[in-house]
Amino acid sequence: MDNEIYSHERRHSHKVPVLGVEIAPFRIPFHRRLETFAILQWTLTFLIGGFGLTFFSLYLLFTSYYWVSFLAYTWIIIDRWTPSQGGRRFSWSRRWKIWEHMRNFFPVELHKTADLDPNQNYIIAYHPHGIMVMGAFIHFGTEATGFSKLFPGIKPSLLILRGWFFFPFLRDYVMLAGICDSSKDSIDYLLSKNGVGNAVCLAIGGAREALDTEPGKHRILLNRRKGFIKKAMEHGVSVIPVYSFGESDVYDSTRNVPGSKMRKLQEFLMKFTGFSLPIFHGRGIFNYTMGIIPYRRHINTVVGKPIPVVKNPNPTRTEVEDVHTIYVDALKALFDEHKTKYGISEDISLEII
């Protein structure tokens, strides 16, 4: 949706302060209600969907509906390889209207800088992770920003932590979007056993990078993240750098310095559960001050030019580092070329840790 419309609505939203809390006005356009609902359902899915449905399924075991949980867990066992073998995408679910409302909430836009050959496979490296990789899901898990129109013949598969696929019901919901697990086996399958035109989409910084997310900062975890480069070399596929301007700004978050007590606790819990627990907040459903819903802040995602990678089934560490250096330089160039278009000062540089 046109940015001017959003700016106009923000200027005329008439926030009502009550005891320091800015209450949302009662009368707002209906489409904004739909956008809030759309983002709320995905936020709840991301934050509590897995554990919530797990607890619910355990509760059902002690009711007359125990058979529902029994079938759900039996299905997880039977279907356990699907998330690492291309998943189970359905095009119609990627085009649900709710994803368009979710896109319009921020809004989110996808910008193309080069064509992609549908006869090749790719690794799309997404930066930054942010708190919930909102942009990555909207771009690569739905058709809300028109990925298939911008890149005809390319089938994106967003990869997420394998732990998601042990949650009953939720696993099948996310697979509708073409989401697969981020294991090595999954990447190998998509790049070598699933034909051509595949784009493996990875949020390179992962859950750990969420702990370093701060609004207004352009800090990414990349120096030691070289596994995606090694996979690209093993399969001889191009790597595409992607930077999402605004991804880190949709929540107010606090970065706990490495070595602090809180950071040690966060890293311990992440090691134990596989999920990071950043400290953050956004707005609420009926207020603009506090809650779990992200702020309406524009996300502009720029897809860079593919970086050709020569096939090398057994690359050495030095060879991987050489290609990694080329990738880092390309990502920095992409950031510098486009940053001023999206309100970032010319003197701001990409911080890589």
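Residues numbered from 1 in each chain as written. Predicted model: local features only at pLDDT ≥ 70, side-chain atom pairs only at ≥ 80, totals over all residues. Heavy atoms only, no water.

1. Considerations on empty space enclosed by the protein
Okay, step 1: Going through the model one piece at a time under the given rule, you end up with one cavity of 30 Å³ or more.
Okay, step 2: Of the volumes computed, that of the largest cavity is approximately 60 Å³.
Okay, step 3: Lining the largest cavity are Trp-42, Ser-93, Arg-94, Trp-96, Trp-99, Phe-137, Tyr-173, Val-174, Leu-176 and Ala-177.
Okay, step 4: In terms of residue class, the lining of the largest cavity is made up of eight nonpolar, one polar and one charged. (1 Å grid on protein atoms, 1.4 Å probe; cavity = no way out; pocket = protein on both sides within 12 Å on 5 of 7 lines; lining within 4 Å. Points joined across faces, edges and corners; volume = space filled by probe spheres on them. Nonpolar A, V, L, I, M, F, W, Y, C, P; charged D, E, K, R; others polar.)

2. Overview of the layout of surface pockets
Over the atoms rolls a probe the size of a water molecule, and in doing so it shows where empty space is left.
Okay, step 1: Counted as a void, the largest pocket has a volume near 1200 Å³.
Okay, step 2: In terms of lining, the largest pocket is formed by 49 residues, of which the most central are His-129, Ile-160, Leu-161, Gly-206 and Ala-207.
Okay, step 3: Examining the composition of the lining of the largest pocket, we find that eight residues originate from one element, helix α2 (residues 30–60), more than from any other.
Okay, step 4: For the lining of the largest pocket, the residue count by class is 30 nonpolar, eleven polar and eight charged. (Helix = DSSP H or I, 4+ residues; strand = E, 2+ residues; numbered from the N terminus.)

3. Overview of the pairing of strand β12 (residues 299–303)
Okay, step 1: Most of β12 sits inside the fold, with five of its five residues counted as buried.
Okay, step 2: Alternating positions in β12 separate into two faces, Ile-299, Thr-301 and Val-303 on one and Asn-300 and Val-302 on the other, with burial throughout.
Okay, step 3: Here strand β3 (residues 108–112) runs beside β12; their pairing, made up of five bridges, is parallel. Looking at β12, one finds that Glu-109 is bridged to Asn-300.
Okay, step 4: One ladder, built from four bridges, connects strand β9 (residues 238–245) with β12; its direction is antiparallel. Counted as the bridge partner of Val-242 is Val-303 from β12. (Buried < 20%, exposed > 50% of the residue type's maximum accessible area, 1.4 Å probe, protein only. Pairing = 2+ DSSP bridges.)

4. Points about the pattern of salt bridges
When the charged atoms of two side chains with opposite charge come close together, those side chains can pair.
Okay, step 1: Overall, the coordinates contain 19 salt bridges when judged by the stated rule.
Okay, step 2: The salt bridge involving Arg-94 is made with Glu-143; its shortest N-O contact spans 3.2 Å. Of this pair, Arg-94 sits in helix α4 (residues 91–94) while Glu-143 sits in the loop between α6 (134–140) and α7 (147–150), placing them 49 residues apart in sequence. Across the pair, exposure class does not vary: Arg-94 and Glu-143 are buried alike.
Okay, step 3: Close ionic contact of Lys-112 with Asp-115 constitutes a salt bridge, the shortest N to O distance being 2.6 Å. (Salt bridge = Lys/Arg side-chain N within 4 Å of Asp/Glu carboxyl O.)

5. A look at the side chain of Arg-171
Okay, step 1: Tracing the backbone through its elements, the reader meets Arg-171 in helix α8 (residues 170–175).
Okay, step 2: Residue Arg-171 is classed as buried on the basis of its relative accessible area of 1%.
Okay, step 3: Non-local contacts of Arg-171, meaning those with residues more than four positions away in its chain, are made with Trp-75, Ile-76, Asp-79, Arg-80, Pro-83, Arg-88, Trp-164 and Phe-165. (Contact = heavy atoms within 4.5 Å.)

6. Observations concerning unusual backbone geometry
Okay, step 1: Of note, the amide linkage connecting Phe-106 to Pro-107 takes the cis form, showing an omega dihedral of -5°.
Okay, step 2: A cis amide bond links His-127 with the next residue in sequence, Pro-128, at an omega value of -15°.
Okay, step 3: Its location among the elements puts Pro-128 in the loop between β4 (122–127) and α6.
Okay, step 4: You will see that Phe-169, though not glycine, has its phi angle at about 70°, which is positive.

7. Section: the sheet that holds strand β6 (residues 180–181)
Okay, step 1: Strand order in the open sheet made by the seven strands is β3-β12-β9-β4-β7-β5-β6, with mixed pairing throughout. The sheet is open, and its two edges are formed by β3 and β6, each paired on a single side.
Okay, step 2: Pairing between strand β5 (residues 155–160) and β6: two bridges, direction parallel. Bridge pairing links Ile-160 to Asp-181 in β6.
Okay, step 3: Packed onto the sheet, helix α9 (residues 184–192) meets β4, β5, β6 and β7 (198–203) and runs at close to 155° relative to β7.
Okay, step 4: Here helix α13 (residues 317–338) sits on the sheet and contacts β4, β9 and β12; the angle it forms with β9, its principal contact strand, is near 35°. (Axes fitted to C-alpha atoms, helices over the stretch in contact; angles between N-to-C directions.)

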